[in-house]
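In case you want the letters, here they are:
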Amino acid sequence: LALITIAGQIVYSLLVISDLIYIFKNIHSWPVYDSGEEAHGIIAVGSTAYGIIAVGQHAHGIFCVGQLAFGLISVGQVSVGLIFALGQVGGGLGWAIGQGMIATKIVYAQLAFALWRVSGGAQCGFNIGASITKKAKLVTYCKCKGYQRYDIQSESKDVKCAVNGIMNAIRYPKYWPKKDRTEFIQYFYTNDDIETVIRHMVNECVKGNYHNCHKLNSQELQEVIDHLLGLKEEFESLVRQHFPQETELQMQT
């Protein structure tokens, strides 16, 4: 785990440092503002942008915003920021927030490799340095901090995690495996009883080891189902919003 984390940080550092060297070698000859297919300027906006402030599909600089962002402070789908990174995947030498991140300190993430520690929360996080020197747990798993949208009254943390995990999951169908997404759409629109759909979803989470459901006993699983039934109107509304029936038809054509 330490080798994975260190290797990731070395790769990230080389990507950003090479960009910074290029920028600072040439910044004196660039305009204050530039835009276009490939933009070079103190402020650069383009498909590919290099600058102190860079915005584009591929953004490189000090402050970067883009689909692919490489800088000191970066925001993007793939975000690499030596000081701070916010994105779906990426990381850096400093702090990071995102889906899957490698950094020295992770604020929030779903999958986190922290050279020091996960300071906020992660569904699955690895505290490399802190587990050695601070006697912290090497692995922190699904504490749902930062994802606990619903205040579930339960003595079981795993029940709270399961309810929040399932309700959050139906907001983000693009992260579902295609097969699971397709089968869920088919099941939902061929069953009128929302309670049946909820029970089916919980059972599938147990089979797939999702949201800690596989760790729950029968009583706790029923508790999860009861909490979801208490949210059934919102559950159904979210499914219809994020899993429209047309999506299934598009997949089949």
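Parameters and conventions
- Residues numbered from 1 in each chain as written.
- Predicted model: local features only at pLDDT ≥ 70, side-chain atom pairs only at ≥ 80, totals over all residues.
- Heavy atoms only, no water.
- Helix = DSSP H or I, 4+ residues; strand = E, 2+ residues; numbered from the N terminus.
- Buried < 20%, exposed > 50% of the residue type's maximum accessible area, 1.4 Å probe, protein only.
- Contact = heavy atoms within 4.5 Å.
- Areas by Shrake-Rupley, 256 points an atom, 1.4 Å probe, with all protein chains shown as cover.
- Polar contact = N/O pair within 3.5 Å; in protein donor to acceptor, adjacent residues only side chain to side chain.
- Phe/Tyr/Trp six-rings, centres within 6.5 Å; stacked < 30°, edge-to-face > 60°.
- Patch = residues over 30% accessible without salt bridge, like charges linked within 9 Å, V, L, I, M, F, W, Y side chains within 5 Å.
- Salt bridge = Lys/Arg side-chain N within 4 Å of Asp/Glu carboxyl O.
- Axes fitted to C-alpha atoms, helices over the stretch in contact; angles between N-to-C directions.
- Parallel < 35°, antiparallel > 145°, perpendicular 65-115°, else oblique.
- Left-handed = near helix turned anticlockwise from the far one by under 90°.
- Nonpolar A, V, L, I, M, F, W, Y, C, P; charged D, E, K, R; others polar.
- Core = buried A, V, L, I, M, F, W, Y, C linked by side-chain atoms within 4.5 Å.

Draft legend 1. Representation of the overall build of the protein chain within the structure. Each helix and strand in the protein chain was counted, giving eight helices and four strands. Along the protein chain, helices and strands appear, N-terminal first, in the series α-β-β-β-α-β-α-α-α-α-α-α. Expressed as a percentage of its 253 residues, the buried residues of the protein chain come to 44%. By sequence separation, contacts in the protein chain at least 24 residues apart represent 32% of the contacts at least 6 residues apart. Element-wise, carbon and sulfur atoms account for 58% of the exposed surface of the protein chain, whose accessible area totals about 13,200 Å².

Draft legend 2. Up close: the side chain of serine 154. Position of serine 154 among the secondary structure elements: in the loop between β4 (139-141) and α3 (157-169). A polar contact is formed between the side chain of serine 154 and the backbone nitrogen of serine 156, at a distance of 3.1 Å. Aside from chain neighbours lying at most four places away, what touches serine 154 is Val159, Lys160, Glu223 and His227.

Draft legend 3. How the structure looks around the environment of alanine 59. Secondary-structure assignment places alanine 59 in strand β2 (residues 43-91). Expressed as a C-alpha distance, the spacing of alanine 59 and glycine 71, which sit 12 residues apart in the sequence, is 8.0 Å. Among residues more than four places away in sequence, those in contact with alanine 59 are Ala49, Ala54, Cys64, Val65, Gly66, Leu68, Ala69 and Phe70.

Draft legend 4. Summary view of the packing of aromatic side chains. Per the stated rule, a full pass over the model turns up eight aromatic pairs. Seen from their ring centres, phenylalanine 184 and phenylalanine 243 are 5.2 Å apart, and the 75° between their planes marks the pair as edge-to-face. Taken together, the residues phenylalanine 184 in helix α4 (residues 178-189) and phenylalanine 243 in the loop between α7 (232-242) and α8 (245-252) connect sequence positions 59 residues apart. Given a relative accessible area of 5%, phenylalanine 184 falls into the buried group. Among the residues examined, phenylalanine 243 registers a relative accessible area of 1% and is labelled buried. On the numbers, 4.9 Å between centres and 85° between planes, the contact of phenylalanine 188 with tyrosine 189 is edge-to-face. An aromatic cluster of at least three residues, connected via ring pairs, comprises Trp176, Phe184, Phe188, Tyr189 and Phe243.

Draft legend 5. Quick look at a nonpolar patch on the surface. Residues Val32, Tyr33, Ile42, Ile43, Val45, Ile53, Val55, Phe63, Val65, Val75 and Leu86 make up a contiguous nonpolar surface patch of roughly 850 Å² in combined accessible area. Sort the elements by how many residues they give to the nonpolar patch and β2 lands first, with eight residues. As for its position among the elements, phenylalanine 63 is in strand β2.

Draft legend 6. Region of interest: the packing of helix α5 (residues 194-208) against helix α6 (residues 218-230). Axis separation between α5 and α6 bottoms out at 10 Å; the angle between their running directions is 140°. One way to sum up the angle between α5 and α6 is to call them oblique. Considering the relative orientation of α5 and α6, their crossing is right-handed. Where α5 abuts α6, its residues Glu195, Ile198, Arg199, Val202 and Val206 lie against Leu221, Gln222, Val224, Ile225, Leu228 and Leu229. Looking at the contact of α5 with α6, its residues break down into eight nonpolar, one polar and two charged.

Draft legend 7. Looking closely at the side chain of histidine 40. Mapped onto the fold, histidine 40 is located in strand β1 (residues 33-40). Within polar-contact distance, the side chain of histidine 40 engages the side chain of tyrosine 22 at 3.2 Å.

Draft legend 8. Quick peek at the nonpolar core. The biggest cluster of nonpolar side chains holds 31 residues, and the ones touching the most others in it are Ile166, Met167, Ile170, Val224 and Phe235. The set of elements that each furnish at least two residues to this core consists of α3, α4, α5, α6 and α7. For phenylalanine 235, the contacting residues outside a window of four places in its chain are Ile166, Met167, Ile170, Phe184, Ile194, Val197, Ile198 and Met201. Residues Val16, Leu20, Ile62 and Leu82 belong to the second largest nonpolar core, which totals 12 residues.

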